[in-house]
Amino acid sequence: MPTHPEHAPSYLESRTPSAGTEPPRAAFASDAPALDLDGDWRFRLAPTAAGGPGAFEREDHDDSAWDTLPVPAHWQLHGYGAPAYTNIAYPFPIDPPHVPDDNPTGEYRRAFDLPESWPEGPAVLRFEGVDSCYAVWLNGHELGHATGSRLPSEFEVGALLRPGRNVLAVRVHQWSAASYLEDQDMWWLSGIFRGVRLLACPDRGVRDLEVRASYDHTSGTGVLRVDTETPGLVTVPELGLVDAATGTDHEVGPVEPWSAEVPRLYDGELVTPGERVPLRVGFRTVEVSGGLLRVNGRPLLLRGVNRHEWDPDRGRAVTWETMREDVLLMKRHNVNAVRTSHYPPHPDFLDLCDELGLWVVDECDLETHGFEDVGWRNNPSDDPLWHDAFLDRMARTVERDKNHPSVILWSLGNESGGGRNLRAMAEWTRRRDPGRPVHYEGAADPAYTDLYSRMYATHEEVAAIGRRSGLPEGDPGLVDRPFVMVEYAHAMGTGPGGLEEYQRLVEAHPHVQGGFVWEWIDHGIRRREDDGTEWFAYGGDFGEVVHDANFVADGLLMPDRTPGPGLAALAKTFEPLRLVPDPENGTVAVTNTWQVLDTAGLELRWDLREEGEPVAGGVLAAKPVGPGETAVLPLPDLPEPSAAGRETWLTVSAHLAGDLPWAEAGHEVAWGQARVDRPRADGSGSDRITPSQPVTHHRPGATERELGYHPQRTPSAQYPPLATEGDTVTVGPAEFDARTGRALSVAGLPLAALELDVWRAPTDNDQARHGESVEVPWRRAGLDRMTHRVLSVEREDAALRVRTRVAAANSDIGLLADYTWTGDAEALVLDLAVEAVGDWPCPLPRVGVRLELPPELGEVDWFGRGPGEAYRDVAQAARVGRFTSSVDGLQTPYLRPQENGNRLGTRRLDLRSPEGRGLRVEGAPEFDFTVRRWSTAALDRARHPHELRPEDRIHLHLDAAHQGIGSASCGPGVLPQHRLTPGTHRLRLVLRPLA
Ligand code: GAL
């Protein structure tokens, strides 16, 4: 029981956002004196808002026994208290504006010496971000208190500063009334987590500035206006603008506009009598017209991601290096837009977006989602008592970030229901900044938003919105407004599936202007076992009472910023160029989907490979293709195939011709592939891989020909007869148990447990905690505990036929699996036919065989699609080629272990020991494979990857097909064409020992 905090400050439960703070203003650098106060501060943590013993704010308080804590940082990541994760739920009773008595409160002290040169006069203490509520004292004088965790606050301190030693004291509470406004699906983490500075405010200095730089796309000219409190002079040498007055429009003539593609900034300077401020001016005009969101007259196509600030060790106290890495990774993966979900980012992030080029939706620090769980009763968004708090947050967002050309939309916040306070925010924002439209997803009413925005709309809905038809009457989608998918393609665990299909809709419907994949990075917290093993924690790993488990791990990047397979798929989907080689006609079609760039900065390369081995290649001479244009370019004469039957592919790819600030020359931007040799008579091999043609897999009800089942294609037309000796039957190089028909070995290499397998460790999308789960019917049908019963073992002349029935306890549905084994001196051939019997209520997870191999066969080499993990609806990035890896290298360590690491469209797979012994598997024509050092059951059981222990064997899965992945962890499930319907399935494999 905590003692009742009768000494808790009254501001804690006040809806008034702050007291004693200065009016909000722009973030900018200047030549005015500044003192950085980051570094080690004295720190102690108290259990309640009353704080620790003694008057900690007094100058002479003895803090010598206190610990130290770095600023910026979260105290929970430095051993005080613990992180807690919830998505929607408030981790305290919903009783606004009250907060729990248990209210961890951090007391910080920092003594600093004022530099001798520090000028007299006004100065402010600026806090860039403190979570969640804090009061500040300088030299024992209370300055005020503030909320708004991810918004700056400034306190005037000029009169209190003294030469020499000054003492700053800050009390930070984890919970406050403001916590009700900060329910943003992330870790609850507290403390001074962004920088603190002392800034001199020179007499007749700038104080605040507003830069408006518009671009007229009809004339190609710009207008620049800079407003300040004290009149000053603006110089932009490149524009010939010298000592131009503030407070007036300057027609600067022809300018190069700013865009995410060409982030042209003009360096300049603003000088007032007291201060000089460097300017970086980007000219652009944002508008909604004709139902389209346009910049500089051209409709935007947003290829975006939602970004939370995250670092696995530092939480939201991100460094400049981390922010830069995010922007570079986005640019290198063809992302052109970012939504700062769900709060304004560190201000440096926006400087990086200006400089490197990303369209930004800048979101206010606001979410009241937990009220949804109580039917939105007492939602602050519609309560006049919270009006000032809402407006304060919006004003602080807009004022801080108003000068960034990258910011093109203001977003009121996230998932805060509807209500008059949101409406007031929208109205205020439009008045304050007519130069940027307003976005809000939570209500489609135009009073709140200039766009129609939705999260997790299905493909069908997006198509209907795009067509402006087929929607229920009165659906706001019918209103003539631009449509954006503010969140889609939930990137949790394996996946997201269906991204490619969304992109096709974006391209087909002009009003569907793209969107923002949820989300950029997994928010895992790095932990270390005693033996040094690292792993990443998610919700529940800190003993939270209420939590949402690994829903915090739904990013395209792993927490340490290792790109996940979803990011590769996204990069392919977001390619700005579409390259479609057509070797038959000797051409390649190049479609440029950029808004302003032509292809002059790119080098087009061609590369011809036979079964993955390079044959020829070079650079294509090509005239630049303009934005929005398609050109059909000639290909060089391709050499004749060296031998019949060698599968040959042409890859055409586009690379940066020179270094750019975000990537080096040679960086690949786009690629397309086409098969060059005449596809085999069996029709195997999809003959072209481009973004618009995801390669589809075996369809239920497909004919044998479509399934690739061609009994005539075998290693040897004549099979030698079987030999039986005792309990063993020999088929080609392999031995079988005569009684059970089980494979035992091939050429002495043990093949254990070879049998039909239809189970996979459910992915987050299979599990679908917020959507339609397939895991539930899978487990109900017993797919995780199938048993095998041999119906017959028949020996024919040259074939061993084993018929089995595979089913689960207490279930009357099942699968008939017939194995036909044949072979010759070198190879063993399996023809597997699977037929579902009974009334199946769900798709199958996979259809294939599993087997166990000796542990030393850890080296992997294959010809097929790769190099990365791919599933039938997350297949974009997998190109046909020859790849090498290792069993360990083929795993994707999703934070919650689940099905992963599949390689698609494999024609040939070799697993070898370091000595070269091993097994070759050939598809007839193709198969999927996964290979692991643990079983599916172990993968299914584990909660974290480091719990998976390598076994003394390798588990190999060879599949005819998988159920697609979809994105039902939050959003639509697997599209019909990617479902694995029970029915009949066939798989034909050739197994050869490797000496
Ligand atoms: C949305 C929300 C995000 C995130 C996502 C699921 O509803 O806006 O913050 O929770 O769902 O991961």
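Residues numbered from 1 in each chain as written. Predicted model: local features only at pLDDT ≥ 70, side-chain atom pairs only at ≥ 80, totals over all residues. Heavy atoms only, no water.

Under an unreviewed UniProt entry, the protein has the name Beta-galactosidase and belongs to Nocardiopsis aegyptia. Under the UniProt heading Sequence similarities (unreviewed entry), the entry covering the protein gives this text: "Belongs to the glycosyl hydrolase 2 family." (UniProt positions renumbered as here; feature names shortened; annotations may be inferred.)

Caption draft 1: Just the nonpolar core, in detail. Leu412, Met425, Trp520 and Leu570 are the most contacted members of the largest nonpolar core, which has 124 residues in total. In terms of residue count, the dominant contributor to this core is helix α3 (residues 387-401) (6 residues). Those residues in contact with Met425 that sit more than four places away from it in its chain are Cys364, Leu366, Phe390, Leu391, Met394 and Leu412. Core analysis: the second largest hydrophobic core is formed by 62 residues, Val802, Val847, Leu909 and Phe929 among them. (Core = buried A, V, L, I, M, F, W, Y, C linked by side-chain atoms within 4.5 Å. Buried < 20%, exposed > 50% of the residue type's maximum accessible area, 1.4 Å probe, protein only. Helix = DSSP H or I, 4+ residues; strand = E, 2+ residues; numbered from the N terminus. Contact = heavy atoms within 4.5 Å.)

Caption draft 2: Here's a closer look at the site of the ligand. Lining the immediate environment of the ligand, one finds 13 residues, of which Asp185, His342, Glu415, Glu487 and His490 sit closest. The contact in question runs from an oxygen atom of the ligand to an N or O atom on the side chain of His342, over 2.6 Å. His490 has a polar side-chain atom sitting 2.7 Å from an oxygen atom of the ligand. Here the ligand, which alone exposes 310 Å², has 96% of that area covered by the protein. (Near = heavy atom within 4 Å. Polar contact = N/O pair within 3.5 Å; in protein donor to acceptor, adjacent residues only side chain to side chain. Areas by Shrake-Rupley, 256 points an atom, 1.4 Å probe, with all protein chains shown as cover.)

Caption draft 3: Structural context of the UniProt feature "domain: Beta galactosidase small chain/" (unreviewed entry) in the protein. Under the UniProt annotation, the feature "domain: Beta galactosidase small chain/" (unreviewed entry) is placed at residues 730-992. Helix makes up 6% of residues 730-992 and strand 47%, and the two end C-alpha atoms of the span are 15 Å apart.

Caption draft 4: Main features of the packing of aromatic side chains. Within the structure shown, the criterion is met by 28 aromatic pairs. Judged by centre distance (4.9 Å) and plane angle (55°), the ring pair of Phe736 and Trp821 falls under tilted. In this pair, Phe736 sits in strand β45 (residues 734-737) while Trp821 sits in strand β51 (residues 814-823), placing the two residues 85 residues apart along the sequence. Here Phe736 matches Trp821 in class, with each residue buried. Through a chain of ring-to-ring contacts, the aromatic side chains of Tyr90, Phe92, Trp175, Tyr180, Trp188 and Phe371 assemble into a single cluster. Over the aromatic face of Tyr266 sits the side chain of Arg264, whose NZ or CZ is 4.0 Å from the ring centroid. The positively charged end of Arg307 is found above the aromatic ring belonging to Phe349, 3.8 Å away from the centroid. (Phe/Tyr/Trp six-rings, centres within 6.5 Å; stacked < 30°, edge-to-face > 60°. Lys NZ or Arg CZ within 6 Å of the ring centre and 35° of its normal.)

Caption draft 5: A look at the sheet that holds strand β28 (residues 407-411). Strand order across the open sheet formed by 8 strands is β29-β28-β27-β26-β25-β32-β31-β30, with parallel pairing between neighbours. The sheet is open, and its two borders are formed by β29 (438-439) and β30 (452-455), each paired with just one other strand. Where strand β26 (residues 337-339) and strand β27 (residues 359-363) come together, 3 bridges link them in parallel fashion. By the bridge assignment, Ala337 is partnered in β27 with Trp359. Sheet strands touched by α3: β27 and β28. Its angle to β28, the strand with the most contacts, is close to 175°. (Pairing = 2+ DSSP bridges. Axes fitted to C-alpha atoms, helices over the stretch in contact; angles between N-to-C directions.)

Caption draft 6: Structural view of the confidence of the model for the protein. Confidence in the prediction for the protein averages 94 pLDDT; 95% of positions are at 70 or higher. This model gives residues 682-686 a pLDDT under 50, and the stretch forms 14 contacts once residues within four places in sequence are excluded. Ignoring residues within four places in sequence, the model shows residues 690-717, a span with pLDDT below 50, making 55 contacts including any to other chains. (pLDDT = per-residue confidence, 0-100.)

Caption draft 7: Focus on the domain arrangement of the protein. What the domain assignment lists for the protein is domain 1 (5-200), domain 2 (209-286), domain 3 (301-570), domain 4 (576-697) and domain 5 (723-994). With centres defined by C-alpha atoms, the gap from domain 3 to domain 5 works out at 38 Å. Contacts between domain 3 and domain 5 engage 37 residues on the former and 32 residues on the latter. Summing both sides of the interface, domain 3 and domain 5 together bury roughly 2700 Å²; the carbon and sulfur share of this comes to 62%. The three residues of domain 3 that bury the most area against domain 5 are Thr494, Tyr538 and Pro565, which together make up 23% of that side's buried surface. Applying the counting criterion to the domain 3 and domain 5 interface returns 2 salt bridges. Counting across the interface, domain 3 meets domain 5 through 11 residue pairs in polar contact (both at pLDDT 80 or more). For the side of domain 3 that touches domain 5, a count of residues per class yields 18 nonpolar, 12 polar and 7 charged. (Domains from an automatic or database assignment. Buried area = accessible area lost by both parts, 1.4 Å probe. Salt bridge = Lys/Arg side-chain N within 4 Å of Asp/Glu carboxyl O. Nonpolar A, V, L, I, M, F, W, Y, C, P; charged D, E, K, R; others polar.)

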